[in-house]
There are 2 protein chains.
Amino acid sequence: MLRVAVLASGNGTNFQALQDACASGYVDAEIVCVITNKQDSGVLERAAKAGVEGVFVDHKGLTREQRDEIFLEHYEQRAIEFACHAGYMRILGRPYCKAMDGRAFNVHPSLLPAFAGAHPIEDAWEWGVKTSGVSIHFVTEELDAGPIVLQRAVDITPDDTFESFERKIHLAEYAIYPKALKLFAEGALRTEGRKVLIERDVADPVWAGSLPPGLRDD
Amino acid sequence: MLRVAVLASGNGTNFQALQDACASGYVDAEIVCVITNKQDSGVLERAAKAGVEGVFVDHKGLTREQRDEIFLEHYEQRAIEFACHAGYMRILGRPYCKAMDGRAFNVHPSLLPAFAGAHPIEDAWEWGVKTSGVSIHFVTEELDAGPIVLQRAVDITPDDTFESFERKIHLAEYAIYPKALKLFAEGALRTEGRKVLIERDVADPVWAGSLPPGLRDD
């Protein structure tokens, strides 16, 4: 079983989707720990509830490289093979990206390369697009620019508000982030330059289009 | 009935989709003329076959502004109210864009703002996206940046080749360009800043997902 760390700063909804995907057997992987830079983040609560170790890493006063080192030490201590960045709001450095080359995904709530940056949902809405979406990509040094593993389109329909659009974006994340991890865990991905070839496709998780089990009571 | 000119440089497949949409009554508009800068372009043949006037405008030696003026004169002579740019491969100038402000659409084979420019299908493929698509936008001075009227996503699936991807992109064009024109012709669009609000949605043309009638025998 692939040993996975999740890196998150927020409420941990994508951690929950990944955890549900592993716990249900959809993905043959174990989320060994959650690492966060926010002591009061919802993700630590979710991790505790799921019986997953939560690790708080205090960023204060650390350089990017020092942070990188701490993360990599945590990974080494736990024999982590793969990292899922899930709403981790800091930029990682060259040592981290090099060490985790080809072994870390990030989720970005737009169809990259459109709307890279910190506010993709708002930016897409303000630009007036009719179709945006979600991307899962390999983590590379260049922010939001790694090879794309999966994308899913989300349409803005005439009756959408920003809130309903945002909700659809998150549902797309909960569908394709677990799917991307499943593809990796099953060895179904091959990277050629900046293209990720999917050698055998897999089904969506059963909850695709709605909330994964662990988010239904929120 | 809205009096429409189509501007094209190529094979005229999008002209054909628009013409089929008008002829079948799906769009309450008449394509009065096709204007092209290529005397041997397929679009002139298609126009002749459909009984639509074809106009060849020789660009040689003309400045952008002189071209603009010629187009606008042709429009005026024919009481053209709206222009559909459909693979017209030259940049129009400020006088044209100003005169046709809010009265001209362009089709671009990517989900703008991603992959603006001259080779969007190739660029998206090379970048390794998993989802691209098609955009219909108002023509403005800034190239490929006008307010978005409609977009449609096109997925790259594991078995796609560049050619099959390109074919799906074109099918999406044939579906949403007529639909965008129908929305305009029915007064269903309202522009607020760079957002186009669709006040009442309309159905896709019946051929959406496959070829319009005039392209089936190609």
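Scroll up a little and you will see the structure.
My aim in this report is to walk through the structure given alongside it, one point at a time. Predicted model, so just to flag it, every value in this text is computed and none were measured.

1. A closer look at the interface of chain A and chain B
Link 1 in the chain: Counting residues at the interface gives 25 residues for chain A, matched by 25 residues for chain B.
Link 2 in the chain: Between chain A and chain B the total buried area reaches about 2200 Å² when both faces are included, carbon and sulfur atoms providing 61% of it.
Link 3 in the chain: Looking only at chain A, the three residues that lose the most surface to chain B are A:Trp127, A:Lys130 and A:Lys195, adding up to 31% of its buried area.
Link 4 in the chain: The interface formed by chain A and chain B includes 2 salt bridges.
Link 5 in the chain: Ionic pairing is found between A:Lys195 and B:Glu126, a salt bridge with its closest N-O pair at 3.9 Å.
Link 6 in the chain: Our count for the chain A to chain B interface comes out at 8 residue pairs in polar contact (both at pLDDT 80 or more).
Link 7 in the chain: Contributing elements (two or more residues each) for the side of chain A that touches chain B: helix H5 (120-127), strand E7 (148-155) and strand E9 (195-198) of chain A.
Link 8 in the chain: Counting residues per element, the side of chain A that touches chain B draws most heavily on E7(A), at 6 residues.
Link 9 in the chain: Residues that form the side of chain A that touches chain B fall into these classes: 16 nonpolar, 3 polar and 6 charged.

2. Focus: the relation of the copies chain A and chain B
Link 1 in the chain: Placing chain A over chain B gives an RMSD of 0.0 Å and needs a rotation angle of 180°, together with 0.0 Å of translation along the axis. In the structure described here, the two chain copies are related by an operation that fits a two-fold rotation axis. Among all residues of chain A, the one whose C-alpha sits closest to the rotation axis is A:Ala114, at a distance of 2.5 Å.
Link 2 in the chain: Comparing interface residues between copies, 100% of those in chain A also sit at the interface in chain B, which points to an isologous, same-surface contact.

3. Section: the packing of H5(A) against helix H6 (residues 162-185) of chain A
When two helices pack together, their arrangement is given by the angle between the helix axes and the distance between those axes.
Residue and element names in this part refer to chain A.
Link 1 in the chain: Packing of H5 against H6 leaves a shortest axis separation of 11 Å and a crossing angle of 130°. The angle between the axes of H5 and H6 places the two elements in the oblique class. Viewed along their axes, H5 and H6 form a crossing whose handedness is right-handed. Touching Ile121, Glu122 and Trp125 of H5 are Phe162, Phe165, Glu166, Ile169 and His170, all from H6.
Link 2 in the chain: When grouped by side-chain class, the residues that make up the contact of H5 with H6 number 5 nonpolar, 1 polar and 2 charged.

4. Focus on the pattern of salt bridges
Link 1 in the chain: Tallied over the full model, the rule gives 22 salt bridges over all chains.
Link 2 in the chain: A:Arg190 is paired through a salt bridge with A:Glu192; the nearest N and O atoms lie 2.6 Å apart.
Link 3 in the chain: For A:Glu192, a relative accessible area of 45% translates into the label partly exposed.
Link 4 in the chain: Among the salt bridges present, the one from B:Arg78 reaches B:Glu53, with a minimum N-O distance of 2.6 Å. Here the residue B:Arg78 occupies a position in the loop between helix H3 (64-77) and strand E4 (82-85), and B:Glu53 occupies one in strand E3 (residues 53-56), the gap between them amounting to 25 residues.
Link 5 in the chain: What emerges from the salt-bridge pattern is a single network uniting A:Arg152, A:Lys179, A:Asp201 and A:Asp204.

5. Some remarks on empty space enclosed by the protein
Link 1 in the chain: Under the counting rule described, the total for this entry stands at 1 cavity of 30 Å³ or more.
Link 2 in the chain: Considering only enclosed or pocket space, the largest cavity measures out at about 110 Å³ in volume.
Link 3 in the chain: Secondary structure elements with two or more residues in the lining of the largest cavity: strand E6 (131-138) of chain A together with strand E6 (131-138) of chain B.
Link 4 in the chain: Taken together, the residues that form the lining of the largest cavity break down as 12 nonpolar, 5 polar and no charged.

6. Quick notes on the side chain of B:Asp68
All names here are of chain B.
Link 1 in the chain: Mapping Asp68 onto the fold places it in helix H3.
Link 2 in the chain: No salt bridge is formed by the buried Asp68. Its closest oppositely charged neighbour is Arg67, at 5.6 Å.
Link 3 in the chain: One polar contact links the side chain of Asp68 to the main-chain amide nitrogen of Tyr96, over a distance of 2.9 Å.
Link 4 in the chain: Every residue in contact with Asp68, bar those within four places of it in the chain, is listed here: Leu92, Gly93, Arg94, Pro95 and Tyr96.

7. A short note on unusual backbone geometry
Link 1 in the chain: Omega for the bond connecting A:Leu112 with A:Pro113 falls within 30 degrees of zero, at 10°, which places this linkage in the cis form.
Link 2 in the chain: Its place among the elements puts A:Pro113 in the loop between strand E5 (104-108) and H5.
Link 3 in the chain: Unlike most non-glycine residues, A:Ala79 shows phi in positive territory, near 50°.
Link 4 in the chain: Among the secondary structure elements, A:Ala79 is positioned in the loop between helix H3 (64-77) and strand E4 (82-85).
Link 5 in the chain: Located in the positive-phi region is B:Asp144, a residue other than glycine, with phi close to 60°.
Link 6 in the chain: Examined against the element boundaries, B:Asp144 turns out to sit in the loop between E6 and strand E7 (148-155).

8. Details of the nonpolar core
Link 1 in the chain: Of all hydrophobic cores here, the largest spans 114 residues; its most connected members are A:Phe105, A:Val149, A:Leu181, B:Phe105, B:Val149, B:Phe165 and B:Leu181.
Link 2 in the chain: Formed by 19 residues, the second largest nonpolar core is a distinct cluster that contains A:Val32, A:Leu72, A:Ile80 and A:Met100.

9. Some words on the packing of aromatic side chains
Residue and element names in this part refer to chain A.
Link 1 in the chain: According to the stated counting rule, one finds 20 aromatic pairs over all chains in the structure shown.
Link 2 in the chain: Note on Trp125 and Phe165: the rings are 5.8 Å apart at their centroids and 25° apart in plane angle, and the pair reads as stacked. Pair noted here: Trp125 is in helix H5 and Phe165 is in helix H6, with a separation of 40 residues, a long-range link.
Link 3 in the chain: According to the relative accessible area criterion, Trp125 is buried, its value standing at 18%.

10. Observations regarding the pairing of strand E8 (residues 189-192) of chain B
All names here are of chain B.
Link 1 in the chain: Across 4 bridges, E8 lies against strand E9 (residues 195-198) in antiparallel orientation. Looking at the pairing, Glu192 lines up with Lys195 of E9.
Link 2 in the chain: What sits between E8 and E9 in their antiparallel hairpin is a turn of 2 residues, with Gly193 showing a positive phi close to 60°.

Calculation rules
- Residues numbered from 1 in each chain as written.
- Chains lettered and ligands numbered in written order.
- Predicted model: local features only at pLDDT ≥ 70, side-chain atom pairs only at ≥ 80, totals over all residues.
- Heavy atoms only, no water.
- Contact = heavy atoms within 4.5 Å.
- Buried area = accessible area lost by both parts, 1.4 Å probe.
- Salt bridge = Lys/Arg side-chain N within 4 Å of Asp/Glu carboxyl O.
- Polar contact = N/O pair within 3.5 Å; in protein donor to acceptor, adjacent residues only side chain to side chain.
- Helix = DSSP H or I, 4+ residues; strand = E, 2+ residues; numbered from the N terminus.
- Nonpolar A, V, L, I, M, F, W, Y, C, P; charged D, E, K, R; others polar.
- Least-squares fit on C-alpha atoms with pLDDT ≥ 70 in both.
- Axes fitted to C-alpha atoms, helices over the stretch in contact; angles between N-to-C directions.
- Parallel < 35°, antiparallel > 145°, perpendicular 65-115°, else oblique.
- Left-handed = near helix turned anticlockwise from the far one by under 90°.
- Buried < 20%, exposed > 50% of the residue type's maximum accessible area, 1.4 Å probe, protein only.
- 1 Å grid on protein atoms, 1.4 Å probe; cavity = no way out; pocket = protein on both sides within 12 Å on 5 of 7 lines; lining within 4 Å.
- Points joined across faces, edges and corners; volume = space filled by probe spheres on them.
- Lys, Arg positive; Asp, Glu negative; His and termini not counted.
- Core = buried A, V, L, I, M, F, W, Y, C linked by side-chain atoms within 4.5 Å.
- Phe/Tyr/Trp six-rings, centres within 6.5 Å; stacked < 30°, edge-to-face > 60°.
- Pairing = 2+ DSSP bridges.

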